[in-house]
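# Summary of structural features
The lines below spell out each chain.
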Amino acid sequence: MTTLVAGIDSSTQSCKVVIREAETGALVRQGSAKHPEGTEVSPQAWWDALLLAIEQAGGLHDVAAAAIGGQQHGLVALDADGEVIRDALLWNDTRSADAAEALIAEYSAGTGPEAVNSGAAAWTQMTGSVPVASLTVTKLRWLADSEPQNAQRVAAVALPHDWLTWKLSGAAALQDLTTDRSEVSGTGYYDTAQGQYRYDLLARALRISEDQARSIILPRVLGPAEQAGTGDAARGWGHLVLGPGAGDNAAAALGLGMSTGDVAISIGTSGVVSAVSPKPIQDPAGVINGFADATGEFLPLAVTLNGSRVLDGAARMLGVDHTGLADLALAAEPGAHGLSLIPYLEGERTPNLPHATGSFIGLSLASMNPQDVARAAVEGLLCGLADGLQAMTTLGVPVNSIQLIGGAARSAAVQQIAPAIFEREIQVPEPGEYVADGAARQAAWVLSGSDTAPQWTTSAVQTFTAEPARHVREAYAARRHLFAERS
Ligand SMILES: Nc1ncnc2c1ncn2[C@@H]1O[C@H](COP(=O)(O)OP(=O)(O)O)[C@@H](O)[C@H]1O
Ligand SMILES: O=C(CO)[C@@H](O)[C@H](O)COP(=O)(O)O
C-alpha cells in the first residue's frame, strides 16, 4: 500500500494542492483554486479555496499526512473566540509603509540619515530584517493607529499558513495555533538568530505594555519535522498527520532540495531571490531579509512586490497572451533600443519605495514598438531581481547555481533573457508547484520520524546561457531612481 502525502501552497493568487508518494515523491494527483484579487483578503477565502483545491485533488481520505506552505506576512488577527477580526493585510499591502518608518525611527539614535541607518541596524540585530510594509509587525502598528478598536480585540496573531493549519486540524483553542521558524522569521517580532519571539517588539508595534503583549497568543514555533496535530475528525480527516508548514520560499527550497550555494529565483506575484545559509544573514541596508528556512538553517532572500504581474500588465497593454509577449520580447534586441521599464507598478519593496509607480524611460521613435516594449518589461523585471542577486553575493552568500521557478519562469523570454541579465547560467526545472512540493516533502518527513527529509528525485532541468547584457543593467541602474510617486 503506497503512502500518500499532501502538499499545499496557499499563495497570493491561488491555492495549489499536490498529492505525492511519501517514499519517492512521485506526483499522484493535484488541484488548485483561485484567490480573490487585492492586497487585503478574508482568510475565509483562503479556506474556501483550500477546500476546493483539496476536492479537485481527489480529497484527503487516502492521504497519511499534509503540510501547508503559504504566502508570508499576512496579518491574521484573531479575537478571544478565535474569530478573524478583519480581512488580512497581505505582504504586498503598502498602507503600513509609514508605520515601518516610524518603527525604525523609534529604535534609531542620532539625527539625519545616520539615525535611519542606526534604526535599521538595530532592527536587523533584533530580528534579522529591516521593517518594511510587508512585515507583519508594521501591519500591527498600522492596526493600532488606524483601527484601535480592532487592535484592542487582538487575542492572537497568526500568519496565513498558521491559520490554515489550525483550521485543517479543526482546532478551536488559540493555544493550538502552531507555526514554523521560516514563517515567524518574517514577522518582525521574532529573533531569527536566537529563535525566540520578541514580545517587546510586539508591544512596541501595538503601543501596549510588554505584559499586555505577553497575553497575546502567538503560534507555537515547531521544529522542521515536528507534528502540528492531526486533521479535523469532523471532516473525516482524523487520520491525517499535519506538518508545521512553512513560508512559501522556505517550502520551495525544500521542494527543490536546495542546499548552501543553491539560489532560487521565483517569479510569482512576488519576485524572490532566495539562498540557503548555515548561519543567519543580516543586511542593515534592508535589501536582503534574514529569514530562516524549513530545515533548521537560514534563508536570506530579497523580495520585490512586482513579479509576474509586470508581464501580466505588459501583455494586457500589448493585447497579447504570455506566449505572444515572449515572442515579441525575443524579437527585439537586448536593451530594447534604449527603452527601460522601471517596474514599480504597485510601489516596490526592494528597493523600499512603497509610494512609487512604474515608468518607461528612454522612449524614442526607435523604441516605440511592441517588441521593444515587451523586451523592456522582461528586462526591467529581471534587472530588479539581478539587484537582489548582487546584494546576496555582496553579503558573501555563496551562489553556485540558480534555478528559476514560479509562474513567469514558464516564459520563453524570461528563460532566454535571464542568463544575459544575471550574467550566469540558469536552470529551469520542469514547470511545477515547488512550494506545494516542499510542503509535501515536509509531510513525508514528519511521517518518517527521521532526522533528515526524505530524498525525493528532483526534476530534470533545462539549462539556459546567453551573452551577458551588462549595458542593459547599467542603463537600468542609471534610471532606477526615475519614477513618479503615486498621487
Ligand atoms: N507562461 C507565462 N509567462 C509569464 N507569466 C506567466 C506564465 N504562466 C503564468 N504566468 C503568471 O504567473 C503568475 C502565477 O504564478 P504563481 O507562481 O502561481 O504565483 P503566486 O505563487 O504568487 O500565486 C500569474 O501572474 C500568471 O499570469
Ligand atoms: O513576501 C514574501 C516573502 O517575504 C512572498 O513570498 C509572499 O509570501 C508572496 O509570495 P508569492 O505569492 O509570490 O508566492
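This is a predicted model, so every value here is computed, not measured. (Residues numbered from 1 in each chain as written. Chains lettered and ligands numbered in written order. Predicted model: local features only at pLDDT ≥ 70, side-chain atom pairs only at ≥ 80, totals over all residues. Heavy atoms only, no water.)

## A closer look at helix H15 (residues 434-448)
The α-helix advances 3.6 residues per turn, and as a result positions three or four apart in sequence lie on the same side. Between its first and last C-alpha, H15 extends 21 Å over 15 residues, near the 21 Å set by a 1.5 Å rise per residue. Burial within H15 is extensive, with 13 of its 15 residues counted as buried. Backbone geometry just downstream of H15 places glycine 449 in the positive-phi region, at approximately 70 degrees. (Helix = DSSP H or I, 4+ residues; strand = E, 2+ residues; numbered from the N terminus. Expected span 1.5 Å × (residues − 1). Buried < 20%, exposed > 50% of the residue type's maximum accessible area, 1.4 Å probe, protein only.)

## Considering the UniProt feature "domain: Carbohydrate kinase FGGY C-terminal" (unreviewed entry) in the chain
Residues given the UniProt feature "domain: Carbohydrate kinase FGGY C-terminal" (unreviewed entry) here are residues 264-445. For the annotated span residues 264-445, helix accounts for 38% and strand for 20% of the residues, and the straight-line distance between the end C-alpha atoms is 22 Å. (UniProt positions renumbered as here; feature names shortened; annotations may be inferred.)

## As for the site of ligand 2
Near ligand 2 lie 13 residues; those nearest to it are Thr12, Gln72, His73, Asp248 and Ser270. Separating an oxygen atom of ligand 2 from a side-chain N or O atom of threonine 12 is a distance of 2.4 Å. Interatomic distance of 2.6 Å between a side-chain N/O atom of serine 270 and an oxygen atom of ligand 2. Its residues placed into classes, the shell around ligand 2 shows three nonpolar, eight polar and two charged. Counting contributing residues, the shell around ligand 2 receives three or more from each of domain 1 (4-247) and domain 2 (257-424 + 457-487). (Near = heavy atom within 4 Å. Polar contact = N/O pair within 3.5 Å; in protein donor to acceptor, adjacent residues only side chain to side chain. Nonpolar A, V, L, I, M, F, W, Y, C, P; charged D, E, K, R; others polar. Domains from an automatic or database assignment.)

## Re the domain arrangement of the chain
Domain assignment breaks the chain into domain 1 (4-247) and domain 2 (257-424 + 457-487). In this assembly, 31 residues from domain 1 lie in contact with 30 residues from domain 2. Of the roughly 2,300 Å² buried at the junction of domain 1 and domain 2 (both faces included), carbon and sulfur atoms supply 53%. Per-residue buried area on domain 1 facing domain 2 is highest for Trp91, Thr94 and Arg181; these three make up 22% of the total on that side. In this structure, arginine 181 and aspartate 293 form a salt bridge, with 3.6 Å as the shortest nitrogen-oxygen distance. Along the contact surface separating domain 1 from domain 2 lie eight residue pairs in polar contact (both at pLDDT 80 or more). Residue assignment for the side of domain 1 that touches domain 2 shows that the elements contributing at least two residues are helix H2 (97-105), helix H3 (112-127) and helix H7 (181-184). No other element matches the five residues that H3 contributes to the side of domain 1 that touches domain 2. (Contact = heavy atoms within 4.5 Å. Buried area = accessible area lost by both parts, 1.4 Å probe. Salt bridge = Lys/Arg side-chain N within 4 Å of Asp/Glu carboxyl O.)

## Describing the pattern of salt bridges
As enumerated under the stated definition, the model contains 23 salt bridges in all. Taking the shortest distance from any N to any O, the salt bridge between arginine 20 and aspartate 437 comes out at 2.9 Å. Residue arginine 20 is located in strand S2 (residues 14-21), and its partner aspartate 437 is located in helix H15; the two are separated by 417 residues in the primary sequence. Across the pair aspartate 93 and arginine 95 runs a salt bridge whose closest N-O atoms are separated by 2.8 Å. The class for aspartate 93 is buried, based on a relative accessible area of 3%. Linked through salt bridges whose partners overlap, the residues forming this network are Glu40, Arg86, Asp93, Arg95 and Glu147.

## A few points about the environment of arginine 473
Relative to the helices and strands, arginine 473 resides in helix H16 (residues 470-479). Once the C-alpha coordinates of arginine 473 and leucine 382 are considered, the two residues, 91 residues apart in sequence, prove to be 9.2 Å apart. Among residues more than four places away in sequence, those in contact with arginine 473 are Cys383, Ala386, Asp387, Gln390 and Ile421.

## Considerations on the confidence of the model for the chain
Close reading of the predicted structure is inappropriate where its pLDDT is low. Of all residues in the chain, 100% attain a pLDDT of 70 or more, and the chain-wide mean is 97. The ipTM assigned to the predicted complex is 0.98, against a pTM of 0.97. (pLDDT = per-residue confidence, 0-100.)

## Here we look at H16
For H16, the full list of buried residues reads Val472, Arg473, Tyr476 and Arg479. Projected down its long axis, H16 shows its buried positions confined to an angular sector of 130 degrees, all on one face. Taken together, the buried residues of H16 touch strand S20 (340-342), strand S21 (359-361), helix H13 (370-394) and helix H14 (412-422). (Arc of directions from axis to C-beta.)

## A short note on the packing of aromatic side chains
Taken as a whole and assessed by the stated rule, the structure comprises five aromatic pairs. Where tyrosine 107 meets tryptophan 123, the ring centres are 5.2 Å apart and the plane angle is 75 degrees; that geometry is what we call edge-to-face. Of the two residues, tyrosine 107 is situated in the loop between H2 and H3 and tryptophan 123 in helix H3; the sequence distance between them amounts to 16 residues. Judged by its relative accessible area of 0%, tryptophan 123 is buried. Members of the aromatic cluster, joined through ring pairs, are Tyr189, Tyr190, Tyr197 and Tyr199. Between the NZ or CZ atom of arginine 95 and the centre of the ring of tryptophan 142, over which it lies, the distance is 5.3 Å. Directly above the ring of phenylalanine 298 sits arginine 181, whose terminal nitrogen or CZ lies 5.0 Å from the centroid. (Phe/Tyr/Trp six-rings, centres within 6.5 Å; stacked < 30°, edge-to-face > 60°. Lys NZ or Arg CZ within 6 Å of the ring centre and 35° of its normal.)

## Some words on empty space enclosed by the protein
For the coordinates displayed, the defined rule picks out eight cavities of 30 Å³ or more. By volume, the largest cavity is sized at about 70 Å³. Taken together, Leu404, Ile405, Gly406, Ala409, Arg410, Gln415, Val428, Pro429, Glu430, Pro431, Gly432 and Tyr434 make up the lining of the largest cavity. Considering only residue class, the lining of the largest cavity consists of seven nonpolar, three polar and two charged. (1 Å grid on protein atoms, 1.4 Å probe; cavity = no way out; pocket = protein on both sides within 12 Å on 5 of 7 lines; lining within 4 Å. Points joined across faces, edges and corners; volume = space filled by probe spheres on them.)

## A closer look at the UniProt feature "active site" (unreviewed entry) in the chain
According to UniProt, the "active site" (unreviewed entry) feature falls on Asp248. Assignment of secondary structure puts aspartate 248 in helix H10 (residues 248-256). The contact partners of aspartate 248, leaving out residues within four places of it in the chain, are Asp9, Gly70, Gln71, Gln72 and Val435. Within the structure, aspartate 248 has its side chain in polar contact with the side chain of asparagine 249 (distance 3.1 Å).

## A look at the site of ligand 1
The immediate surroundings of ligand 1 are formed by 15 residues, with Ser11, Lys16, Thr269, Ser308 and Asp312 found nearest. Glutamine 13 is positioned such that a nitrogen or oxygen atom in its backbone is 3.1 Å from an oxygen atom of ligand 1. One nitrogen or oxygen atom from the side chain of threonine 269 is found 2.6 Å from an oxygen atom belonging to ligand 1. For ligand 1, the accessible surface in isolation is 590 Å², of which the surrounding protein chains cover 79%. Those elements that provide at least two residues to the shell around ligand 1 are S2 and helix H11 (308-318). Classifying every residue of the shell around ligand 1 by side-chain character gives one nonpolar, 11 polar and three charged. (Areas by Shrake-Rupley, 256 points an atom, 1.4 Å probe, with all protein chains shown as cover.)

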